[in-house]
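Single-letter residue listing:
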Amino acid sequence: MAGAASIWFNGALVSAEEAHVPVTAHALHYGSSVFEGIRAYATPKGPAVFCLPQHVRRLMDSCRIFRMTLPYTAADMTEAIITTVRANKHESCYIRPLVFRGPGTFSLDPRKASVEVAIITFEWGRYLGQEAVEQGVDVMVSSWRRAAPDTAAPMAKIGGQYVTSQFIAMEAADHGFVEGIALDAQGFISEGSGENVFVVRDGAVSTPPLSAGVLPGVTRAAALTLLRDLGLPVREESLLRETLYMADEVFFTGTAAEITPVRSVDRITVGAGHRGPVTAQVAEQFFGITAGRLPDRHGWLTYVSAERPAIADRPAPVRGGGERA
Ligand SMILES: Cc1ncc(COP(=O)(O)O)c(C=O)c1O
């Protein structure tokens, strides 16, 4: 992971050394942040951000759900993201917009703490490895469950909620697996620590519904579209754990994991034990569109080099708007 020179911090590009957070920041103590994970891909026309409006929209939704008043509009965030990718001269990168509660209170009602915004970019290859994308990964069903819908807000990408994902990831690694799949509070399949999951059997594709506590993944939505484009029957439906063992194919979707086949679950081989034909077709479309090799027929790419108006100058948010930390 190569760190970028410039970080967008509260309205301006600063060096990584200047982007400091005080130890009194509320988010550091209580996970009071929301974030996004976005990729920009190298294309013949320069770097292109995949599904940027969808990611910015989810960020705005997460802020609304968590009652964080963002001092920037969706258009501002869009321009700030593009500005940061361009400033760091990335050909391709991972983009991490982060909205967090800074200093201002130690209270569990966070609303007296400041709201601050950072956009960090870095160059990043395949999250689960190039081999994983081609050969597939070995995963386990986690003993950790996704939070019930009334325990957390699974549709929001809230920092504190990622403690569960960390438990899932650590457990999987400790048992020699690449990833874990969590069940939901009722025991139906939910999702990986940072990926949505799809199951294929007899040519029909299923993925758990949002009511299974899954993050509404941007790549999940893109994969659903690509599957429908391919004329395959696709359903969002509750799935029992054993569906994973009976499947012809299982694959993950996610900004980090992209389209990654699963070759075994709980040491049971999935299908033929390598990437199956449906996963291969979705991957071919996904990687073809993001690389600019196939037409961007759904308008998923935002080119970084295109002419755009500069973001309006805004004052940085005032820190410590409430009681002193
Ligand atoms: C818990 C969780 N589920 C699913 C996903 C996949 O979502 P997306 O495709 O928007 O990256 C992510 C990654 O952001 C995630 O963190």
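Just so you know, these numbers come straight off a predicted model, no measurement behind them.

1. A few points about the layout of surface pockets
Roughly 840 Å³ of volume is contained in the largest pocket. Along its surface, the largest pocket is lined by 38 residues, and Phe-35, Tyr-94, Arg-96, Lys-157 and Tyr-162 are the ones closest to its centre. When contributions to the lining of the largest pocket are tallied by element, the ones reaching two or more residues are helix H1 (26–30), strand E4 (33–35), strand E7 (93–101), helix H5 (162–174), helix H6 (218–229) and strand E15 (249–254). Of the residues belonging to the lining of the largest pocket, the class tally is 17 nonpolar, 14 polar and seven charged. Volume-wise, the second largest pocket comes out at about 270 Å³. Of the residues forming the lining of the second largest pocket, the biggest block, five residues, is contributed by helix H2 (residues 52–65). Looking at the lining of the second largest pocket, its residues break down into eight nonpolar, three polar and three charged.

2. Points about the site of the ligand
Close contacts around the ligand come from 15 residues, with Lys-157, Tyr-162, Val-218, Thr-219 and Thr-255 the closest. With respect to the ligand, the side chain of Tyr-162 contributes an N or O atom lying 2.5 Å from an oxygen atom. Within the contact set of the ligand, an oxygen atom lies 2.7 Å away from a backbone nitrogen or oxygen of Val-218. Contact with the protein chains removes 96% of the 380 Å² of surface that the ligand exposes when unbound. A molecule is said to occupy a pocket when more than half its atoms come within 2 Å of that pocket's grid points, and by this definition the ligand occupies the largest pocket. Per-class residue counts for the shell around the ligand are three nonpolar, seven polar and five charged.

3. Here we look at the side chain of Glu-36
As for its position among the elements, Glu-36 is in the loop between E4 and strand E5 (38–41). By relative accessible area, which is 1% here, Glu-36 ends up buried. In this structure the side chain of Glu-36 is engaged in a polar contact, spanning 2.8 Å, whose partner is the side chain of Arg-58. Apart from the residues within four sequence positions on either side, Glu-36 is in contact with His-55, Arg-58, Leu-59, Tyr-94, Ile-95, Arg-96, Pro-97 and Lys-157.

4. Observations regarding empty space enclosed by the protein
As enumerated under the stated definition, the model contains one cavity of 30 Å³ or more in all. What the largest cavity holds in volume is close to 30 Å³. Considering the residues around the largest cavity, the lining is formed by Arg-39, Tyr-41, Phe-50, Thr-219, Gly-254, Thr-255 and Phe-286. For the lining of the largest cavity, the residue count by class is three nonpolar, three polar and one charged.

5. Digging into the confidence of the model for the protein
Residues of the protein with pLDDT of at least 70 account for 93%, and the chain-wide mean is 93. Residue range residues 309–325 is modelled with pLDDT below 50. Its contacts to residues more than four positions away, or to other chains, number 35 contacts.

6. Quick look at the nonpolar core
Of all hydrophobic cores here, the largest spans 27 residues; its most connected members are Phe-50, Phe-198, Val-205, Leu-227, Ile-259, Phe-286 and Trp-300. When residues of this core are traced back to their parent elements, those giving at least two are strand E6 (48–50), strand E12 (196–201), H6, helix H8 (277–290) and strand E18 (301–303). With residues near it in sequence (within four places) discarded, Val-205 still touches Phe-198, Val-199, Val-200, Leu-227, Pro-233, Val-234, Arg-235 and Val-278. Grouped together as the second largest cluster of nonpolar side chains are 26 residues, Val-49, Val-56, Met-68 and Ile-119 included.

7. Quick look at the packing of aromatic side chains
Per the counting criterion, the structure on display carries 13 aromatic pairs. Ring centres of Phe-35 and Tyr-162 lie 4.9 Å apart, and the angle between their planes is 65°; this geometry places the pair in the edge-to-face category. Of the two residues, Phe-35 is situated in strand E4 and Tyr-162 in helix H5; the sequence distance between them amounts to 127 residues. The exposure class of Phe-35 is buried, given its relative accessible area of 10%. Pairwise contacts between aromatic rings join Tyr-41, Phe-50, Phe-286, Phe-287 and Trp-300 into one cluster.

Procedures and definitions
- Residues numbered from 1 in each chain as written.
- Predicted model: local features only at pLDDT ≥ 70, side-chain atom pairs only at ≥ 80, totals over all residues.
- Heavy atoms only, no water.
- 1 Å grid on protein atoms, 1.4 Å probe; cavity = no way out; pocket = protein on both sides within 12 Å on 5 of 7 lines; lining within 4 Å.
- Points joined across faces, edges and corners; volume = space filled by probe spheres on them.
- Helix = DSSP H or I, 4+ residues; strand = E, 2+ residues; numbered from the N terminus.
- Nonpolar A, V, L, I, M, F, W, Y, C, P; charged D, E, K, R; others polar.
- Near = heavy atom within 4 Å.
- Polar contact = N/O pair within 3.5 Å; in protein donor to acceptor, adjacent residues only side chain to side chain.
- Areas by Shrake-Rupley, 256 points an atom, 1.4 Å probe, with all protein chains shown as cover.
- Sits in = over half its atoms within 2 Å of the grid points.
- Buried < 20%, exposed > 50% of the residue type's maximum accessible area, 1.4 Å probe, protein only.
- Contact = heavy atoms within 4.5 Å.
- pLDDT = per-residue confidence, 0-100.
- Core = buried A, V, L, I, M, F, W, Y, C linked by side-chain atoms within 4.5 Å.
- Phe/Tyr/Trp six-rings, centres within 6.5 Å; stacked < 30°, edge-to-face > 60°.

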